[in-house]
Amino acid sequence: MTSTTPGTRPRVFSGIQPSGAVHLGNYLGALRNWVSMQHDTDAVYCVVDLHALTLPKEPGEVAQGTLDIARILLALGLDPQRCVFFVQSHVHEHAELGWLMQTVASYGELSRMTQFKDKSARSSGFISAGLFTYPALQAADILLYDTEVVPVGDDQRQHIELARDVALRFNARYGDTFVIPEHRIPVAGARVMDLQHPENKMSKSVDSPQGTINLLDAPQEIEKKVKRAVTDNDGEVRYDPADKPGVSNLLSILAAVTDGDPEQLAGQYQQYGPLKADVAAALIALVEPIQARLAQLDDATVRAELALGAERATAIAAPVMDRAKRACGLLV
Ligand code: TRP
């Protein structure tokens, strides 16, 4: 099934979990791209709170995390006039199509998902059935919107492949119902490394507070973290990620934030100190307007935007759900 009418913008869908704070790696790697795609695609963005429940959570934690991340995304520049922005559990079709997807995904293919293997191996005890069927729900998220493009990192490749496979299988079994989505790794995505362990990606799941810049960090905090960032002893400013991971990371961050080129920027510095000072200044200039917008957004405004988003999302998802129910032979 194809949904593209020539001349229209591609339908894009992406989701983010409501866990932890948003750090510089999330922003430069993915979220900045969410903001820019609002302008040239038909973008649908979702806070995937049902997915968050696949790992044990305290009561109230997911609700608070959902409000927090929604507020940050609005402060970053998601504009509900330009995209559909909503919470997964507010649109019941996600859970509903998620079930149908569990009946067309096989036990074998879900068993091969490396994210399930990693997460279940790391878990200290309880492994939910939902953690296992997580990719079926993710497939439903995508397919409900006749999505053509899913811009997510390489770590999600296997899940997007699975969404394609189950969509093709459903279509083959029951007739043409779903648009087949494609994975696209965001082009502008900069890879931001941990400031203390520059051989690792900046990550919310790894506990490295000094190596991670959060978008809500105070300016002094940012200065301190950048000043203490790990470099090396040879004192030469050169872009060489293999040999000089720390310095190269600082150069990539500066390049990503100022829209420059890391190798070219390297030529402008003789010492680490001035480089670090410029990185800190660029980051502070980046976060200040975001933090100012955040301070203006109260919960009531965020909730109102999300309610509007859920309405608009439902208007797209409900007819697709209906199509799927009829196709697979349920009595409607
Ligand atoms: N699994 C994704 C992640 O962990 C989040 C997600 C859920 C998602 N549903 C999605 C991403 C649909 C893209 C499309 O990052």
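Residue numbering note: each chain is counted from 1, following its sequence as written. Since the coordinates come from a predicted model, pLDDT governs what is reported: local features require at least 70, and pairs of side-chain atoms require 80 or more to be given and counted, while whole-chain, interface and lining totals use all residues. As a convention, hydrogens and water are excluded, and side-chain values are obtained from all of the structure's heavy atoms.

**Q** Outline the site of the ligand, supporting the account with residue identities and numerical values.
**A** Every residue lining the ligand is accounted for by F13, S14, G15, V48, H51, Y134, Q138, D141, I142, V150, V152 and Q156. Polar contacts, as used here, are pairs of N or O atoms within 3.5 Å; protein pairs need one atom able to donate a hydrogen and one able to accept it. Residues neighboring in sequence count only if both atoms are side-chain atoms. Between the ligand and D141, the relevant distance is 2.7 Å, taken from a nitrogen atom to a side-chain nitrogen or oxygen of the residue. The side chain of Q156 places a nitrogen or oxygen atom 3.0 Å from a nitrogen atom of the ligand. Computed with the Shrake-Rupley method and a 1.4 Å probe, the accessible areas treat only the protein chains shown as cover for residues. Within the complex, 89% of the 370 Å² of free accessible area of the ligand lies under protein. Proximity is defined per residue: any heavy atom of the residue falling within 4 Å of a molecule or strand makes that residue near it.

**Q** Could you give an account of the nonpolar core, with specific residues and numbers?
**A** For our purposes a nonpolar core is just a set of buried Ala, Val, Leu, Ile, Met, Phe, Trp, Tyr and Cys residues, chained together by side-chain atoms within 4.5 Å. Buried residues are those whose accessible area, probed at 1.4 Å on protein chains only, stays under 20% of the maximum for their type, while exposed residues exceed 50% and partly exposed ones sit between those limits. Core analysis: the largest hydrophobic core is formed by 59 residues, its most contacted members being L24, L73, L76, F85, L275 and L283. It is helix α12 (residues 272-296) that contributes the most residues to this core, eleven residues altogether. Both domains that furnish three or more residues to this core are identified here as domain 1 (11-190 + 298-328) and domain 2 (209-294). Leave out the neighbours within four places in its chain, and F85 touches Y45, V47, A70, L73, L74, L78, E305, L306 and G309. One finds M113, I142, V166 and F170 within the second-largest nonpolar core, a separate group that totals 40 residues. By definition, any uninterrupted DSSP run of H or I lasting at least four residues is a helix, any uninterrupted run of E lasting at least two residues is a strand, and each is numbered from the N terminus. The split of the chain into domains comes from an automatic or database domain assignment. Contact definition: two residues touch when any of their heavy atoms are within 4.5 Å.

**Q** Just give me the short version of the pattern of salt bridges, but keep the residues and values in it.
**A** Basic side-chain nitrogens of Lys or Arg form a salt bridge, by our definition, when they fall within 4 Å of a carboxyl oxygen of Asp or Glu. Summed over the entire model, instances satisfying the criterion amount to 13 salt bridges. D232 is the salt-bridge partner of K244, the closest N and O atoms lying 3.1 Å from each other. One end of the pair, K244, is in the loop between α9 (219-227) and α10 (245-258); the other, D232, is in the loop between α9 and α10, and twelve residues separate them in sequence. Among the residues examined, D232 registers a relative accessible area of 24% and is labelled partly exposed. R238 serves as the salt-bridge partner of D243, at 3.7 Å between the closest nitrogen and oxygen. The exposure class assigned to R238 is partly exposed, which follows from its relative accessible area of 27%. One network of salt bridges, with partners in common, ties together E236, R238, D240 and D243.

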